[in-house]
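# Analysis of the macromolecular model
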Amino acid sequence: MRSTKSLAVAAIPEGLPIVVTVTLALGVQRMAKREAIVKKLPIVETLGCVTVVCSDKTGTLTKNEMTVTNILTSDGDIAEVTGSGYDGEGDVLCGHERVTYDSHPLISKIVEVGAVCNNAEIVNSHLRGQPTEGALLAVAMKMNIPHIRQQYHREREWPFSHENKWMAVQCTPRYNPNETRLYVKGSIEQILKLSKRYLHQGAAAQLTEQKVREFMADSNQMGAKGLRVLAMATGTSLEDLTYVGMVGIIDPERPQVEQAIAQLKAGGVMVKMITGDAEKTAKAIASRLKIYNANDLSVSGEDLDHLNAADVRDIVSQASVFYRVSPKHKLTIVKALQSQGHIVSMTGDGVNDAVALKAADIGIAMGQTGTDVSKEAADMILVKDDFYTIMAAIEEGKAIFHNIRNFVRFQLSTSIAALSLITLSTVFHFPNPLNAMQILWINIIMDGPPAQSLGVEPVDHDVLKKPPRKVADSMIDKQLIAHIVTSATVIVVGTLCVFYAEMRDGKVTPRDTTMTFTCFVFFDMFNALSCRSQTKFIFEIGLFSNRFFVVAVLLSIIGQLAVIYLPPLQYVFQTEALSASDLFYLTCLTSSVFLVNEFRKLISRIILKRHINRKNMMIDQWMV
């Protein structure tokens, strides 16, 4: 009866909730070190299921370090801007001539509009405000007009919105309070729609459809270089605007982003770029980052507004770039992808992004530029707004799931082996090879340090190459069951062989149970070693790469030796001392479970390689 109760205790995997919780918690800790803050433990595991990553461009794929590099006037004059940063170092050059406020009036007017229609400040070379507006102020500093905004008194402001895509301020010059001026900046499409005239050789000329097409062509040329285009206009009211020109702003890509995108794609995760920029700019950046190819589809927010639900689902799944997009379109994209069974990760930083972040399976907010509302709605926060962190988080999510599977494999194979050992002895009326205390000791090892250490196995970077796991897929699949049964069978057969080899006289002695007991424990240790990876050999992952595992196994072996050799524990566990030759014999025998599993990995690898070679041959034959 005592053995039955002990076996019942050992059969219950009470260590599973602990291991899952600890594994997820340690995963959150590792992700925090990689500058990703996860707000809920289950999100860590869900990251391994993500099939689509929808990412903002500015600040996530790019550095959000804006610098004006080109100025194009409505007359067609082109100026190049040198220098970077917010310290005013650099020049504005037109035809190799340094531009001053009086030398080129139209260029100066463009810079004036950008500086006055602006809410940012640069104090001691540090920006306070939006990087785009900081870049416009930096140009004014390079032209030695850093305080031009102070010459005007602002009376009214029309703030930028995703719907209008422009900002305007109404001002009066301090030297002429009776005069009213309006300065407007925004997307080239919207500014040209608002403008009635354009400046040509110092005078206002009627803005014709032909000139609009010419200005749009100029904008597309800038966009094709990956520049963000901002158009400028001035006038006395919104109904009386004159277009003066545009600026091209560069925002360099973040390092390692291209590598991260390539790794995600290799692992079966689609990456889609979402931006408010123009089509040419979006495609240029996406092409450089290998998100967009020549045959890929790009969709605007306006296109999404005019499509029905079925067409939206089709086009969203095919498109890799979404341009001129507002926060409401993000929600449309998320729902369309989810309706096709995708697990969607969406980034956002604004108040209006909160709905899309909440609707996404994994909402990701920006730690530096994100609003409190977006951070509250998100499941994960990127401390430095870096896309590479998303890749690292998905890698952690996949690794954590595999670590939990490794623990389940170890625990179930040990539980099944213990149950089978006692069950076979009971069914065939043999003496029990293990007593109650020995079964409980095995249970401690099964749920104790060796098992727990499998949950903290270091991340195998090759796990990112595996396709995302489906949420509905069971953790215990046919392959895992085969591994469990194989290990359990080796343990049971080996342990029974030792037991019946020792029990030659038909009586169960302390030596018989000690040999059997130690044999089972050693089997457990080698089984745990083989469970560290389902596919890689031990020399590939490194015997000492998981220090927690090494310490856990050493402590378990020391504990087992204490049970064998310390008299008080010998009395409790009914054991007796074994010789060195006995321990060597048991070590050689029990290593068989490790060798069998390593051989299984070799066979699986050979079969997989043959399958890949056969597939490649079929592809080559088909191409011929």
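Residues numbered from 1 in each chain as written. Predicted model: local features only at pLDDT ≥ 70, side-chain atom pairs only at ≥ 80, totals over all residues. Heavy atoms only, no water.

As a further point, take the pattern of salt bridges. For the structure on display, the rule yields 26 salt bridges. Among the salt bridges present, the one from Asp-91 reaches Arg-98, with a minimum N-O distance of 2.7 Å. You can call Asp-91 partly exposed: its relative accessible area is 27%. Classification of Arg-98 as partly exposed rests on a relative accessible area of 35%. With a closest N to O distance of 3.7 Å, Arg-181 and Glu-112 form a salt bridge. Linking Arg-181 in strand E11 (residues 181–186) with Glu-112 in helix H5 (residues 105–116), this pair joins segments that are 69 residues apart in sequence. Assessed through its relative accessible area of 16%, Arg-181 is described here as buried. Under the relative-accessibility criterion, Glu-112 is labelled buried at 2%. (Salt bridge = Lys/Arg side-chain N within 4 Å of Asp/Glu carboxyl O. Buried < 20%, exposed > 50% of the residue type's maximum accessible area, 1.4 Å probe, protein only. Helix = DSSP H or I, 4+ residues; strand = E, 2+ residues; numbered from the N terminus.)

Two elements in contact, helix H16 (residues 387–427) and helix H20 (residues 510–530), have axes separated by 10 Å at closest approach and are oriented at 155°. The angle between the axes of H16 and H20 places the two elements in the roughly antiparallel class. Our pair here, H16 against H20, has a crossing hand that is right-handed. Where H16 approaches H20, its residues Arg-409, Phe-410, Ser-413, Thr-414, Ala-417, Ala-418 and Leu-421 are matched on the opposing element by Phe-520, Asp-524, Asn-527, Ala-528 and Ser-530. Of the residues in the contact of H16 with H20, the class split is six nonpolar, four polar and two charged. (Axes fitted to C-alpha atoms, helices over the stretch in contact; angles between N-to-C directions. Parallel < 35°, antiparallel > 145°, perpendicular 65-115°, else oblique. Left-handed = near helix turned anticlockwise from the far one by under 90°. Contact = heavy atoms within 4.5 Å. Nonpolar A, V, L, I, M, F, W, Y, C, P; charged D, E, K, R; others polar.)

This brings us to the domain arrangement of the protein chain. One can read the domain layout of the protein chain as domain 1 (36–62 + 253–385), domain 2 (67–250) and domain 3 (406–623). The straight-line distance from the C-alpha centre of domain 1 to that of domain 2 is 30 Å. Residue-level contacts link 13 residues of domain 1 with twelve residues of domain 2. Buried area between domain 1 and domain 2, summed over both chains or domains, comes out near 1,000 Å², and the portion from carbon and sulfur atoms is 51%. In this structure, the connection of domain 1 to domain 2 is made through two salt bridges. When the shortest N-O distance is used, the salt bridge between Glu-189 and Arg-324 registers 2.7 Å. Applying the counting criterion to the domain 1 and domain 2 interface returns six residue pairs in polar contact (both at pLDDT 80 or more). (Domains from an automatic or database assignment. Buried area = accessible area lost by both parts, 1.4 Å probe. Polar contact = N/O pair within 3.5 Å; in protein donor to acceptor, adjacent residues only side chain to side chain.)

Quick look at helix H9 (residues 257–266) now. Here H9 has its buried residues at Val-257, Ala-260, Ile-261 and Leu-264. Buried residues in H9, looked at end-on, bunch into an arc of 100°, giving them a common side. The inward-facing, buried residues of H9 abut helix H4 (57–61), strand E16 (270–274) and H16. Residue Gly-268 follows H9 closely and has a positive phi angle near 85°. (Arc of directions from axis to C-beta.)

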